[in-house]
Protein chains: 2
Amino acid sequence: MKRRKFISAAGAGLVGASVAGCGNTTSESDSGPAIQTSPRIQWRLASSFSRSLDTIYGAADVLSEKLSELTDGRFTIRSYPGGELVPALEVLGSVQNGTVPIGHSASYYYTGRNPALAFDTCVPFGMNVRQYNAWVQHGGGMDILRSVFSDFNIINLPGGNTGVQMGGWFRREVNSLQDLRGIKMRIPGLGGNVMDRLGVSVQVIASGDIYPALERGVIDASEWVGPYDDEKLGLNKVARFYYYPGWWEPGPGLTFYVNREQWDKLPTTYQRALEVASAFASSDMQSKYDAKNPPALKRLLDSGTEVRRFTNDLLSAAEEQSMDIMQEYAANDQQYRTVFESHEQFKQLSNSWFGTAERAYAEFAFSTNERV
Amino acid sequence: MKRRKFISAAGAGLVGASVAGCGNTTSESDSGPAIQTSPRIQWRLASSFSRSLDTIYGAADVLSEKLSELTDGRFTIRSYPGGELVPALEVLGSVQNGTVPIGHSASYYYTGRNPALAFDTCVPFGMNVRQYNAWVQHGGGMDILRSVFSDFNIINLPGGNTGVQMGGWFRREVNSLQDLRGIKMRIPGLGGNVMDRLGVSVQVIASGDIYPALERGVIDASEWVGPYDDEKLGLNKVARFYYYPGWWEPGPGLTFYVNREQWDKLPTTYQRALEVASAFASSDMQSKYDAKNPPALKRLLDSGTEVRRFTNDLLSAAEEQSMDIMQEYAANDQQYRTVFESHEQFKQLSNSWFGTAERAYAEFAFSTNERV
C-alpha cells in the first residue's frame, strides 16, 4: 500500500511534466526504462478521406486505437476527415510544414509536387498488394520511398491498401479498344493520362457528383473503388456494366505521414509503437475490404449489374501507354528513374513467381461471374 | 536532477518486485497507468520449426523483437527450434499443459487431437492468404477458431503464412490424373489423404530425408514449400519437374499458441502488445516469402527446372475427393461442421469476388513461365 502511493506520486510528477497537445511532446529522455519514457502525447491526424469511405478513413481510427492500447492510453491520436483540419488534398503539405503532426492520404494526389510520389501509392500495371508490401518491406522499396519523403520533411508509414480495384461503371459495353474512343469517363491521375492517350474524354469530378453525372449522361463511365464503396454511391443504379480489372490501381497503398520534427521528439518506444500500429492498421484495411467486397458484389449482381472483363487488346494498349508515360518521366528526372527502376525490377521478377502457384490457383478456384 | 533520482528509485522498487523467468508474471494491477504495469517478463517459445526454415522460424524472432521494442525491453521472448525445449510436433500439448507459455506451430499437425484444427492452417482447395486473413479477422473466423482452441487451454494469435505453395518436385511428368496412379509421393496430412484416394502411394518422411529418397528413386515425387525453401534442400538437383499449384496448401496459416493462464496473468498492455506484435510478425512472414521466392524461382529456372501446371482434370478430381473427406468429418463431428460451414460459406462468396479484378489482373500481368 505504501509502495503504491509512492509510485503514484512519481507518476503524478511525470504527468505534470508533460504537456499534452497537438504535436507537442516532452523532452524526457528516450533511452531509459519505461518508467522514464511515458509522456502524454495527443496528436491530431488530418485525413484526406471522408467518413463515408469508412474502410479507408477507418484505418486512422484503428491506428489510434492500437497506439493507445500499446501505450496504456498515453499516446493518442484523434482523426479528422478531409477538410476539417486542412483541405483534403493538402494533407502532405500540412504535415510537411507542421500544421498537423500526422496525416493519412494517398501519395498519388501529390504527383504535381513530385511525380515519383506515385510509386508510394501505385502506378498503372504496377504491383498488387502482396508484391507492393514485399517490395516496400523486403525489396528495398522503403529506403527508396523514405528518400523521396525526406524532401517533404516526412516519415512515411504504411496506411492500408484496397487490393486490385474495379475498372468502374459503364453505361454501354466496351468490347474493344475502339469502343473506348470518345467516351466521357471520370478517371483522375495517371490512369486518366493513359485513358486520354487511348482516346477517352477524361473528366475529373468529385465523388459526390459521379451519380448525377452518370444519371444525366454528362459522363458515360466512372471509376471509383470496388463493390463495397461503389454500392454506397449507388452507381449500379445509373450504369449497368461493371468492368474489371482497374489496371491503373492494382494495389494502391495509402500512407500515414509523420512530420519529421514531431517524429524525432517521440520516445523510441512510441516510435516503435507507431510503426507497429500503422502496420496493423494497414493490413487490417486490406482484410476489411476482402471481407466487405464479396457480399457487396453479390448484392450488385443480384440487382442486375453485369460484370465484364476489359479485353486483352485494351489492356495491352493501356500497358504500352502507361510504360511510355513512366519512361518519359524517368528520362527527365533522376529520382523518378531510381524509384521506377527499383519498382520495375522487383515487379518483373515477382510477376514470374506470381504467375505460377498463385495465378494457377486463382484460375482454378475463383469464378469469373461472367454470364455467357 | 533531483526528480530523475526520485524516479529511478521508484523504478528500482518496481523491478525488484517483479520476478523474471519462464512463464512467470508479477501480480501487478493491470488497470492502472503505465507506470504501475511494467513487470519484467521473460518467456521461452517452443517452435515446431528448424532454423533452416528461416522465414517460418524467424517469425518467432520478429515477434520477440517487436514485443521487446513495444515494452521497452520489459517483456521478452526467446525462441527455441523444434526439439530443443519440447518435441517439434508436441508444441500444442506443451503450451496446453503449461510446459512452455508460448509456442509457434501449424495446427494441422494436431488433427489427430481434433480434425477441426486443420482450418486454423488450411484445407485443400481452401482459402488463399488474403481470404484466410479476411475470414479470421473480419469474417467470424477468429471467434470460431478461439472456441476450438479453448478446449486446449490456448489463446491463438496469427503466426504467418507462406501463400499458395508449390505442388512439389516430380521425377517424371504428370500429364493427367492417370499418370498419378502408383507414383510414390512424399505428402503428409489431408493432401496425402486426397492423393491416396487418387491412387498415389503416399509416403511420410522427414524433410532431411527427401533429397536422398528422391535421388535413389525410393520416391518419385515430393512436396515441400516453395522456391526459396525447396532450393535450400537442393530438390532441383534430383527432380526436374516442378508442379503447381499446391492445392492442398493454398494459404497455410501458422499460429502462435499462448497458454491461457499465462495470458490471463499478463497486464492488459502486454496482451495488446502481444496481439499487435504477432499480427506484425504474421504479415511480415508473407512479405518475406514474397520477396525471397521470386529470385529463388529464377535461379531454379536457370538451373534447368521446368515448371508445370497440374491439369484441370487432376485438380477437379482432387477437389472432389477433398470435399468428400471434409464432408465425412462434418457429418460425424458438430464442432468440425460449425468451422467447416463458416469456412465454406466465406470461401464461396470470396471466390466470386476474387474471380473478378484480382484474377483478371493476375491473368494479364503474371507470366506462367511455361516453356511451350
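Residues numbered from 1 in each chain as written. Chains lettered and ligands numbered in written order. Predicted model: local features only at pLDDT ≥ 70, side-chain atom pairs only at ≥ 80, totals over all residues. Heavy atoms only, no water.

1. Quick look at the overall build of chain A
Along the backbone of chain A there are 15 helices and eleven strands. Considering only residue pairs separated by 6 or more positions, chain A has 75% of its internal contacts joining residues 24 or more positions apart. Counting only carbon and sulfur atoms, one obtains 48% of the accessible surface of chain A, whose full area is about 13,400 Å². (Helix = DSSP H or I, 4+ residues; strand = E, 2+ residues; numbered from the N terminus. Contact = heavy atoms within 4.5 Å. Areas by Shrake-Rupley, 256 points an atom, 1.4 Å probe, with all protein chains shown as cover.)

2. Describing the domain arrangement of chain A
All names here are of chain A. Along its sequence, chain A is carved into domain 1 (3-161 + 251-290) and domain 2 (168-249 + 302-346). Between domain 1 and domain 2, the residue contacts involve 26 residues of the former and 26 residues of the latter. Summing the contributions of domain 1 and of domain 2, the shared interface buries around 2,300 Å²; its carbon and sulfur component is 70%. Broken down residue by residue, the surface that domain 1 buries against domain 2 is led by F119, P124 and F125, which jointly contribute 33%. (Domains from an automatic or database assignment. Buried area = accessible area lost by both parts, 1.4 Å probe.)

3. Some points on the pairing of strand β2 (residues 75-80) of chain A
Two strands pair when backbone bridges link them, and strand β1 (residues 41-47) of chain A and β2 of chain A are joined in this way by six bridges, in the parallel orientation. Bridging across to β2 of chain A, R44 of chain A finds its partner in R78 of chain A. (Pairing = 2+ DSSP bridges.)

4. Side note on the packing of aromatic side chains
A full pass over the atoms with the stated rule returns 40 aromatic pairs over all chains. Both rings, one in F170 of chain A and one in Y243 of chain A, keep their centres 5.0 Å apart while their planes meet at 70°; by these two values the pair is edge-to-face. Separated by 73 residues along the polypeptide, F170 of chain A in strand β5 (residues 168-170) and Y243 of chain A in strand β9 (residues 241-244) bring together distant segments of the chain. Y243 of chain A shares its class with F170 of chain A; the two are buried. Following the ring pairs from residue to residue traces out a cluster consisting of F125, F170, Y243, W247, W248 and F310 of chain A together with F364 of chain B. Here R44 of chain A stacks its cationic end above the ring of Y80 of chain A, 5.9 Å away from the centre of that ring. Residue placement shows K66 of chain B over the ring face of F280 of chain B; its charged tip is 4.8 Å from the ring centre. (Phe/Tyr/Trp six-rings, centres within 6.5 Å; stacked < 30°, edge-to-face > 60°. Buried < 20%, exposed > 50% of the residue type's maximum accessible area, 1.4 Å probe, protein only. Lys NZ or Arg CZ within 6 Å of the ring centre and 35° of its normal.)

5. Considering the sheet that holds strand β1 (residues 41-47) of chain B
All names here are of chain B. With mixed pairing, five strands are arranged side by side in an open sheet as β2-β1-β3-β10-β4. Looking along the sheet, the strands with just one partner apiece sit at the ends: β2 (75-80) and β4 (154-161). With strand direction ignored, the average angle separating the axes of adjacent strands in the sheet is 25°. Pairing geometry for β4 and strand β10 (residues 253-259), over six bridges, is antiparallel. In the strand pairing of β10, I155 is matched with V258. Relative to β2, helix α2 (residues 54-70) is tilted by about 165°, and along the sheet it contacts β1, β2, β3 (102-105), β4 and β10. (Axes fitted to C-alpha atoms, helices over the stretch in contact; angles between N-to-C directions.)

6. A look at the sheet that holds β9 of chain A
All names here are of chain A. Spatially, the six strands line up as an open sheet ordered β7-β6-β8-β5-β9-β11, and their pairing is mixed. One side of each edge strand has no neighbouring strand; the edge strands of this open sheet are β7 (201-203) and β11 (306-309). Relative to β11, β9 runs parallel, the two being bridged by four bridges. Counterpart to Y243 in the pairing with β11 is R308.

7. Section: the side chain of D120 of chain B
Residue and element names in this part refer to chain B. Assignment of secondary structure puts D120 in helix α4 (residues 118-121). One buried charged residue, D120, forms no salt bridge at all, with the nearest opposite charge on R146 at 8.6 Å. A polar atom in the side chain of D120 sits 2.5 Å from the side chain of T255. Apart from the residues lying within four places of it in its own chain, the contact partners of D120 are S107, Y132, L145, F149, N156, G253 and T255. (Lys, Arg positive; Asp, Glu negative; His and termini not counted. Salt bridge = Lys/Arg side-chain N within 4 Å of Asp/Glu carboxyl O. Polar contact = N/O pair within 3.5 Å; in protein donor to acceptor, adjacent residues only side chain to side chain.)

8. What about the pattern of salt bridges?
Considering all chains together, one arrives at 36 salt bridges over all chains under this definition. Residues D54 of chain B and K292 of chain B are paired through a salt bridge, measuring 3.6 Å at the closest nitrogen-oxygen approach. On the criterion of sequence distance, the pair formed by D54 of chain B in helix α2 and K292 of chain B in helix α12 (residues 268-302) is long-range, its members being 238 residues apart. Look at K292 of chain B and you get partly exposed, because its relative accessible area is 23%. Connected through salt bridges with shared partners, the residues E173, R240, E306 and R308 of chain A form a single ionic network.

9. Focus on helix α6 (residues 141-150) of chain A
Residues and elements named next belong to chain A. Taken residue by residue, α6 has G141, I144, L145, V148 and F149 as its buried positions. Relative to the axis of α6, the buried residues are bounded by an arc of 135° and lie together on one face. Buried residues in α6 make contact with α3 (91-96), α4 (118-121), α5 (129-138), β4 (154-161), β10 (253-259) and α14 (334-354). (Arc of directions from axis to C-beta.)

10. What to know about the nonpolar core
In this structure, W247 and L274 of chain A together with W247 and L274 of chain B are the most contacted members of the largest nonpolar core, which totals 230 residues. Ignoring any residue separated from it by four or fewer positions in sequence, one finds W247 of chain B in contact with Y361 of chain A together with V123, P124, F125, G191, V194, M195, F310, L314, L315, A318 and S322 of chain B. (Core = buried A, V, L, I, M, F, W, Y, C linked by side-chain atoms within 4.5 Å.)

11. Section: the confidence of the model for chain A
The predicted coordinates of low-pLDDT regions are not to be read in fine detail. Residue and element names in this part refer to chain A. Mean pLDDT over chain A stands at 90; residues scoring 70 or higher make up 89%. Per-residue pLDDT stays below 50 along residues 1-36; that stretch engages in 78 contacts with residues further than four places along the chain or on separate chains. Model confidence for the complex is summarised by a pTM of 0.90, with the ipTM given as 0.90. (pLDDT = per-residue confidence, 0-100.)

12. Points about unusual backbone geometry
Residues Y244 of chain A and P245 of chain A are joined by a peptide bond in cis, for which omega reads -5°. Relative to the helices and strands, P245 of chain A is located in the loop between β9 and β10.

13. Focus on the packing of helix α12 (residues 268-302) of chain A against helix α14 (residues 334-354) of chain B
With their axes 8 Å apart at the nearest point, α12 of chain A and α14 of chain B run at an angle of 75° to one another. On the basis of the axis angle, α12 of chain A is roughly perpendicular to α14 of chain B. Where α12 of chain A abuts α14 of chain B, its residues D290, A291, N293, P294, P295, L297, K298 and L301 of chain A lie against F346, L349, S350, S352, W353 and F354 of chain B. Of the residues assigned to the contact of α12 of chain A with α14 of chain B, the class counts are nine nonpolar, three polar and two charged. (Parallel < 35°, antiparallel > 145°, perpendicular 65-115°, else oblique. Nonpolar A, V, L, I, M, F, W, Y, C, P; charged D, E, K, R; others polar.)

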